[in-house]
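# Secondary and tertiary structure notes
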Amino acid sequence: MSQSLTAARPGGLLGWLNGPHHKAALNGFLLVTVAHWAEHLVQAYQIWALGLARPQARGVLGQFYPWLVSSEWLHYGYAIVMLAFLFLLRRGFVGRARTWWTVALAIQFWHHIEHFLLLWQAQAGVVFFGQAVPTSLLQLVLPRVELHLFYNSVVFVPMVIAMYLHLRPNRREQELMSCNCTGRHADSRPLALHGA
């Protein structure tokens, strides 16, 4: 005989973010991520299309608040926000989408370490690797602007793939979802328990 039970969601903040408010949280996170992308793209445009020297290429906000571009706290803070939201929203993903979201999380974890190295150098007043300015590991190979365009790409692409797959789950993934991102309410979805 088969019983029908409603899917249980964890409580608290994680349950709230990954259940009924998962779609809103994802949309807010995506908006912040795209705004950050825009800053980096404007900075690249200022360097490569307008011919500005790198110190003068400050993106949009940096034109009005120049200290933002040179503040390692701001860059590290953004890296932590990205890492936190990738971690906090992960529970709402299942199947293929969760795999891609986890890839973005892992890459962002490394990106966060790179920003931590920059922050540490700036706060301690020392620089590593014999450089004149605070330098991250991969910055030894790529200039900072290009490196952060690369990092933003390799985090953003798997994140977008995860969101795409999350909104188009296969049948099994749909059964495992605890949110209503696809328009189907999780509270109305029964889970079949088989017993005699």
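A short tour of the structure in this document, coming up. (Residues numbered from 1 in each chain as written. Predicted model: local features only at pLDDT ≥ 70, side-chain atom pairs only at ≥ 80, totals over all residues. Heavy atoms only, no water.)

Peptide bonds are mostly trans, and most non-glycine residues show a negative phi. Despite not being glycine, Phe129 has its phi angle at roughly 65°, a positive value. Note that Phe129 resides in the loop between helix H6 (95-124) and helix H7 (144-167). (Helix = DSSP H or I, 4+ residues; strand = E, 2+ residues; numbered from the N terminus.)

Spanning 27 residues, helix H2 (residues 22-48) covers 38 Å between terminal C-alpha atoms, matching the ideal 39 Å at 1.5 Å per step. Taken together, the buried positions of H2 are His22, Ala25, Leu26, Phe29, Thr33, His36, Trp37, His40, Gln43, Ala44, Gln46 and Ile47. In the core, the buried residues of H2 are packed alongside helix H1 (12-18), helix H3 (61-64), helix H4 (67-70), helix H5 (72-88), H6 and H7. (Expected span 1.5 Å × (residues − 1). Buried < 20%, exposed > 50% of the residue type's maximum accessible area, 1.4 Å probe, protein only. Contact = heavy atoms within 4.5 Å.)

Another point: the packing of aromatic side chains. Scanning all chains against the criterion turns up 9 aromatic pairs. With a centroid separation of 6.0 Å and an interplanar angle of 45°, the aromatic rings of Phe116 and Trp120 are classed as tilted. Note that Phe116 and Trp120 are positioned in helix H6 at a spacing of 4 residues, about one turn of the helix. Since its relative accessible area comes to 46%, Trp120 is described here as partly exposed. Measuring from centroid to centroid gives 5.9 Å for Phe128 and Phe129, while their planes differ by 85°, and the two rings are edge-to-face. Each residue in the set Tyr76, Phe116, Trp120, Phe128 and Phe129 is aromatic and connected to the rest through ring pairs, giving one cluster. (Phe/Tyr/Trp six-rings, centres within 6.5 Å; stacked < 30°, edge-to-face > 60°.)

Turning our attention to the layout of surface pockets. Roughly 840 Å³ of volume is contained in the largest pocket. Along the wall of the largest pocket there are 29 residues; nearest its centre are Gln43, Val69, Ser70, His75 and Arg144. Among the elements that line the lining of the largest pocket, the one with the most residues is H2, at 6 residues. Taken together, the residues of the lining of the largest pocket sort by class into 15 nonpolar, 9 polar and 5 charged. (1 Å grid on protein atoms, 1.4 Å probe; cavity = no way out; pocket = protein on both sides within 12 Å on 5 of 7 lines; lining within 4 Å. Points joined across faces, edges and corners; volume = space filled by probe spheres on them. Nonpolar A, V, L, I, M, F, W, Y, C, P; charged D, E, K, R; others polar.)

Moving on: H6. With 30 residues, H6 extends 43 Å between its outermost C-alpha atoms, agreeing within 8% with the 44 Å of an ideal straight helix rising 1.5 Å per residue. A positive backbone phi angle near 75° is found at Gly125, which sits one or two residues after H6.

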